[in-house]
Each structure stands twice: as structure tokens, then as C-alpha cells.
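# A closer look at the structure
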Amino acid sequence: MLPFKLVYSPDYYLPIGQHVFPAEKYRRIHRRLLETGIAEESDFLRPRPALDQDVLLVHKPDYVQKLKTGTLSAREELEMEVPYSPELVQAFWLAAGGSILAAEHALRDRIAFNIGGGFHHAFPDHGEGFCMIHDVAVAIRRMQRDNKIRTAMTVDCDVHQGNGTAAIFAGTRTSSEPLPSVSASTLGRPAPGKMRGAHAGDVFTISLHQHNNYPAWKPPSSIDVDLPDGIGDDDYLAWLDNALSSGLRQFEPDLICYIAGADPYREDQLGGLELTLEGLKRRDELVFRVARARDIPMMVTYAGGYARDVEDTVTIHCNTIVAAKELCAA
């Protein structure tokens, strides 16, 4: 039995037909966790869909109404990059409910997973990049509304910048100088790349992503780490360590929401970084260690992953749970 809960539903499956997003990955992750003994059935919780009032904590009423009534324009559906259906709306509302449930259990158990979610390209008034609504933002605002947390931090390690997250939590910003980062693998010389900083309000947003990748326009996060093409394990981990250290010097979150994208993987179809399976697990271990050292609860969502072999994506996502399990046992 795991010392934390995994939120999952077979209805997380996204009804989007043939698509680069592997809609079946959630079911495969669930099956792999059980077959390998990483988890047992008692470790899983079934979510309920988010309430419309929860979704409206983040998203504009007109947009929510369009989603609920199937009245998106052709352009709005094209921008979302997944085919609209009422069943898809239900799946996204369920994912948001899963992130709310995971956040609640993270506050109780110090860590919890939503085996789904991480839809970080959704904006208050429209969807983008396979994302209809922003489940992580909904969970944060729900926790704040219920006075369970005051502040939160998002740590986004998807290969694509969390543009929706940055826009939703923009707050009041001031310009700042680029932050230095030192890579252990280059013997003290800065790794190629750039870290940009800005001050935020009650939610501090960190995004570590490939610069030359989607989205073309990247609204400023509290900290953006713009990585060059082809960066590998050691340089990536050095940048991540620096971003976490910098963020936690500036901000004290009551909850960390870790968006653990699988797409920095070297075999990903929509990414251009060179992380290995082992490097991605080390990434997860680093984030968990940092949160544990400061006793900050952490809620994990999965976001993207488009490996040529879907089983690699499943392995990466399962390894995130293994990393948390091993740290709890240490």
C-alpha cells in the first residue's frame, strides 16, 4: 500500500480519435501500476467531476457556457486542437475534479497524484494545445476559496511552456534581471539557456521548457527557464535545481502543484530535448526532495507525453510514482 493516494478514473480517456495525444495512456498507466505491484487497487481514488462553480473560479462564464452547450466557433475549436464533443467536456470536468481531489489529499498526506490533468495551455476564455480547461488552476482556486491554502506554486516540467498557467496567475509583475544558472556538467560555466524572473501574487509559477517550441507567444511566468534544443539530463537538472532554489527563496507556498510532463524525453514526437528515462526519474526525485525538505505538500499531474512508443510515456509517468514511493520509504 502506498503512503499517498492516486486519483484515477477509466473515464479519463479522451474521446479524440486518432491523435498525437495518446488518449489511452491513462488506462495503460493504471494497468502497469497494478501489474508491476507498484500500486494496488486500494491506493486509487475515484474522482467526481468538478462543479461548474469550481470551473468558474478560473474560466469566463461565456466560455464555460459555450463548452456546455456546444457553441464554440470553428476557430475556437481549431485553436483547442482536439475535436469538440459533449463527452470531451465531461472528461475535462472529471480531470478537474481529479485535481481538486488530489490537492485535498496532498494537504492531508503531503503528496497525491492525479493520473491525468496538467492541462496547462487552457486560458480563462479559450482552450489551446489539447487543453479545454485548466484543472490545476481550478484546484488551486478551489483550495484558496475553501481557505485550505493561501499560496501555491506551480512547477511545470512539461517540454512546452505553461502559457495558460502564466496568464491565469499573472498577478502584479515587475521586471527583473535574468537569473544566473550554473550547470554541474559544464564545470561551473553557465549552460546555454536563459532564466527570466518576475514577481507574482498569491500563486508563483515556474516553467522549465524548450524555448524553440510551442507556444510561439510565451506570457511571462514568475520564473521561465528557456532551454535550448537538445539539452540533456545533467544540464536540465542543474537549471531545474536553480529555478526551484530561486523560487523558494522568493516565495513560501502552502502547496506545490507539479506538472510532470513526459515530453522532455529524447524520443518524444513533440519535443526537442534529450532527457533519458533515468534523467526524467532524477527530475522527479529532485522536485520531491525539495518539497519534502521544506515540508510543502505536493499535488502531481501528468500533462503531455508523445513518445514514439507509447509504452515509454507510460514508463515515464509510472516512474514519477516510483520516485515518490522510494523517497517516502527512505
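In this report, the structure presented in the accompanying data block is examined.

Here is what the cut-offs are and how they apply
- Residues numbered from 1 in each chain as written.
- Predicted model: local features only at pLDDT ≥ 70, side-chain atom pairs only at ≥ 80, totals over all residues.
- Heavy atoms only, no water.
- 1 Å grid on protein atoms, 1.4 Å probe; cavity = no way out; pocket = protein on both sides within 12 Å on 5 of 7 lines; lining within 4 Å.
- Points joined across faces, edges and corners; volume = space filled by probe spheres on them.
- Helix = DSSP H or I, 4+ residues; strand = E, 2+ residues; numbered from the N terminus.
- Nonpolar A, V, L, I, M, F, W, Y, C, P; charged D, E, K, R; others polar.
- Salt bridge = Lys/Arg side-chain N within 4 Å of Asp/Glu carboxyl O.
- Buried < 20%, exposed > 50% of the residue type's maximum accessible area, 1.4 Å probe, protein only.
- Axes fitted to C-alpha atoms, helices over the stretch in contact; angles between N-to-C directions.
- Parallel < 35°, antiparallel > 145°, perpendicular 65-115°, else oblique.
- Left-handed = near helix turned anticlockwise from the far one by under 90°.
- Contact = heavy atoms within 4.5 Å.
- Phe/Tyr/Trp six-rings, centres within 6.5 Å; stacked < 30°, edge-to-face > 60°.
- Core = buried A, V, L, I, M, F, W, Y, C linked by side-chain atoms within 4.5 Å.

Moving on, we come to the layout of surface pockets. Computed from the structure, the largest pocket encloses a volume of approximately 240 Å³. Taken together, 16 residues form the lining of the largest pocket, with Pro 86, Glu 87, Val 89, Gln 90 and Ala 91 sitting closest to its centre. Secondary-structure elements contributing two or more residues to the lining of the largest pocket are α3 (61–69) and α5 (86–109). When residues of the lining of the largest pocket are assigned to their parent elements, the largest contribution, seven residues, is made by α5. Residues that form the lining of the largest pocket fall into these classes: 11 nonpolar, one polar and four charged.

To continue, consider the pattern of salt bridges. All chains considered together, the criterion is met by 19 salt bridges. The salt bridge involving Asp 295 is made with Arg 110; its shortest N-O contact spans 3.3 Å. Here the residue Asp 295 occupies a position in the loop between α9 (277–293) and β9 (298–301), and Arg 110 occupies one in the loop between α5 and β3 (111–114), the gap between them amounting to 185 residues. A salt bridge links Glu 274 to Arg 266, with the shortest nitrogen-to-oxygen separation between them at 3.6 Å. The exposure class assigned to Glu 274 is partly exposed, which follows from its relative accessible area of 34%. Salt bridges sharing partners connect three or more residues here, namely Glu 24, Arg 28, Arg 32 and Glu 311.

Remark: helix α8 (residues 233–250) packs on α9, axes separated minimally by 10 Å, with the N-to-C direction vectors making an angle of 15°. Here α8 is positioned roughly parallel relative to α9, judged by the angle of their axes. Considering how the two elements wind past one another, α8 and α9 form a crossing that is right-handed. Two secondary-structure elements touch here, α8 through Asp 233, Asp 234, Tyr 236, Leu 237, Leu 240, Asp 241, Leu 244 and Leu 248 and α9 through Gly 279, Arg 282, Arg 283, Leu 286, Val 287 and Val 290. Here the contact of α8 with α9 is built from residues that sort into eight nonpolar, one polar and five charged.

With the rule as written, the count across this model stands at 13 aromatic pairs. Aromatic side chains Phe 21 and Tyr 306 sit 6.0 Å apart centroid to centroid with 70° between the ring planes, which places their arrangement in the edge-to-face category. Taken as a pair, Phe 21 in the loop between β1 (5–7) and α1 (25–35) and Tyr 306 in the loop between β9 and α10 (310–329) lie far apart in primary sequence, 285 residues in all. Take Tyr 306: its relative accessible area is 6%, and that puts it in the buried class. Geometrically, the ring pair formed by Phe 113 and Tyr 302 is edge-to-face, given 6.4 Å between the ring centres and 65° between the ring planes. Of this pair, Phe 113 sits in strand β3 while Tyr 302 sits in the loop between β9 and α10, placing them 189 residues apart in sequence. Each member of the pair, Phe 113 as well as Tyr 302, carries the same accessibility label: buried. Grouped by ring-pair contacts, the aromatic residues Tyr 8, Tyr 12, Phe 21, Tyr 26, Phe 44, Phe 130 and Tyr 306 constitute a single cluster.

With that settled, the discussion passes to the nonpolar core. Among the nonpolar cores identified, the biggest contains 111 residues, and Leu 6, Leu 33, Phe 113, Phe 288 and Ile 321 are the most heavily contacted of them. Sort the elements by how many residues they give to this core and α5 lands first, with 13 residues. Residue contacts for Phe 288: discarding those within four places in its chain leaves Ile 111, Phe 113, Tyr 258, Met 298, Val 300, Thr 320, Ala 323, Ala 324 and Leu 327.

Below, the discussion takes up unusual backbone geometry. Of the consecutive residues Tyr 214 and Pro 215, the connecting peptide bond is found in the cis state with omega at -5°. Along the chain, Pro 215 falls in the loop between β6 (203–210) and β7 (223–227). Positive phi values are uncommon outside glycine, yet Phe 130 reaches one of about 75°. Positionally, Phe 130 belongs in the loop between β3 and α6 (135–145). Classification of Phe 130 by relative accessible area gives buried; the value is 11%. Even without being glycine, Ala 303 reaches a positive phi, approximately 55°. Tracing the chain through its elements places Ala 303 in the loop between β9 and α10.

Bear in mind that shape data such as this cannot, by itself, settle questions of function.
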